[in-house]
Amino acid sequence: MSAHISTSRAPDQAARPTPAIPLGQRLKAKGIDGLTLLLVPAALFIIGLFVYPFLYGLWLSFHPKVGDALANYSKFFADEFLYGTIATTLWLAVPVTVLNLVLAVPIALRVRHLRRQRLLTTILVIPITLGTVLVAEGLLNYLGPQGWFNRSLIALGMISKPVALLHNYWGVFISLLLTGFPFTFLLTLSYLSGLDPALEQAAATLGASSWARFRHVILPLLLAGLAITFCLSFVQAFSVFPSAVLLGAPAGPTRVISIAAYQAAFEDYDYSMASAIAMIMAAVQLAIVAALLFARGLIYRGATSGGKG
């Protein structure tokens, strides 16, 4: 009798439908919840402000006024006056970035141990608040033939006539150095502040000199951060425009690639060509950044940080 009852219940249990999993639980299992949905406005903002303009510019670059899809790129690399702007821009951006990094590391090493770190950091980052245009305007007065710099050197007897520091390579170089250093310094200081000081103290206890501690302890841990700092600082310097126009020679030695794009868009009214130049500009930056990150991986493959605690 009991066997008959248990046999009759088995089909009923098998026939019962599996309870449906609520939609919310299924989305949460896939990583989609209320917190994730908060990222939607930011994602839409990025798509609208960055992704769409880039894709539209890429599409526009392949639709020239005359010729086939690659006519703009062929025109750029066939004209030395145009493709020469790549070397000109690199000749400005790379040395400025390297020098900023060389200056930022020792200064950041010193500043991180100071008591009034915030005050000194605030003084060092003032050029960021001024902006590139205001810095360029100030340098026009400071570095000019009758500016304070030349007048001071003449008064001290160090020079007999004013040094030409405007409307040439050096005017743009100095401007990029002043406006780019605070950014490089802040990034370097943030990476250094994240290193555990106990590691350096342990090396000092074992008899390592200050240079040995920097070379074998700090630098390997800082290398990944320095590579990222170089990339961001380089991209910032490579996009130079106001300094090259106000302090350089836009038709000569400081005709950078951004000026070529501006002239194509707003003087020749050839937006397709301007888009092609912008795409070439982005490709050069991407190639430099990718090469640097690849080189970093070949040089050092150890830990990328030495966090506190």
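Predicted, not measured: the structure shown is a model, and the values here were computed from it.

Colleague: Help me understand the overall build of the protein in this model?
Modeller: Looking only at helices and strands, the protein features 16 helices and zero strands. For the protein, the proportion of its 309 residues judged to be buried stands at 34%. Within the protein, contacts between residues at least 6 apart in sequence are counted, and of these 73% link residues at least 24 apart. Taken as a whole, the protein presents about 19,100 Å² of accessible surface, with 69% of it coming from carbon and sulfur.

Colleague: It is not clear to me how the packing of aromatic side chains should be interpreted in this structure. Could you clarify?
Modeller: Remark: the centre distance and the inter-plane angle together describe each pair of aromatic rings, the angle taken between the planes. In this structure the tally under the stated criterion is 16 aromatic pairs. Seen from their ring centres, F62 and Y73 are 5.4 Å apart, and the 35° between their planes marks the pair as tilted. With F62 in the loop between α4 (39-61) and α5 (71-78) and Y73 in helix α5, this residue pair connects regions lying eleven residues apart in the sequence. The class for Y73 is buried, based on a relative accessible area of 15%. Measuring from centroid to centroid gives 5.9 Å for W211 and F214, while their planes differ by 35°, and the two rings are tilted. Here W211 pairs with F214, and both are found in helix α13 (residues 210-238), just three residues apart, close to one helical turn.

Colleague: Please clarify how the nonpolar core should be interpreted in this entry.
Modeller: Within soluble globular proteins, side chains that are nonpolar generally end up buried alongside one another. Membership of the largest hydrophobic core comes to 37 residues, with the highest contact counts inside it found for F76, F185, F238, I257, I277 and I280. In contact with F185, not counting residues within four places along its chain, are A104, I107, A108, V111, T121 and L124. In terms of nonpolar packing, the next biggest core, distinct from the first, is built from 17 residues, L92, A136, Y169 and V172 among them.

Colleague: Mind showing me how you'd approach α5 here?
Modeller: Residues separated by three or four positions in an α-helix point in the same direction, a consequence of the helix having 3.6 residues per turn. Restricting attention to buried positions, one finds in α5 the residues A71, N72, Y73 and F76. Where the residues of α5 are buried, they touch α4, α6 (80-111), α15 (257-266) and α16 (271-299).

Colleague: Can you help me understand the confidence of the model for the protein in this one?
Modeller: The predicted structure's coordinates, where accompanied by low pLDDT, should not be read in detail. Residues with a pLDDT of 70 or more make up 87% of the protein, whose mean pLDDT is 84. Low confidence marks residues 304-309, where pLDDT is under 50. Its contacts with residues over four positions away, or in another chain, come to 16 contacts.

Colleague: Would you explain α4 in this entry?
Modeller: The terminal C-alpha atoms of α4, which comprises 23 residues, lie 31 Å apart, in line with the 33 Å expected from a rise of 1.5 Å per residue. Maximal helix bending in α4 amounts to about 40°, located at I47. The elements touched by buried residues of α4 are α5 and α16.

Here is what the cut-offs are and how they apply
Residues numbered from 1 in each chain as written. Predicted model: local features only at pLDDT ≥ 70, side-chain atom pairs only at ≥ 80, totals over all residues. Heavy atoms only, no water. Helix = DSSP H or I, 4+ residues; strand = E, 2+ residues; numbered from the N terminus. Buried < 20%, exposed > 50% of the residue type's maximum accessible area, 1.4 Å probe, protein only. Contact = heavy atoms within 4.5 Å. Areas by Shrake-Rupley, 256 points an atom, 1.4 Å probe, with all protein chains shown as cover. Phe/Tyr/Trp six-rings, centres within 6.5 Å; stacked < 30°, edge-to-face > 60°. Core = buried A, V, L, I, M, F, W, Y, C linked by side-chain atoms within 4.5 Å. pLDDT = per-residue confidence, 0-100. Expected span 1.5 Å × (residues − 1). Bend = angle between axes of the 7 residues up to and from the residue.

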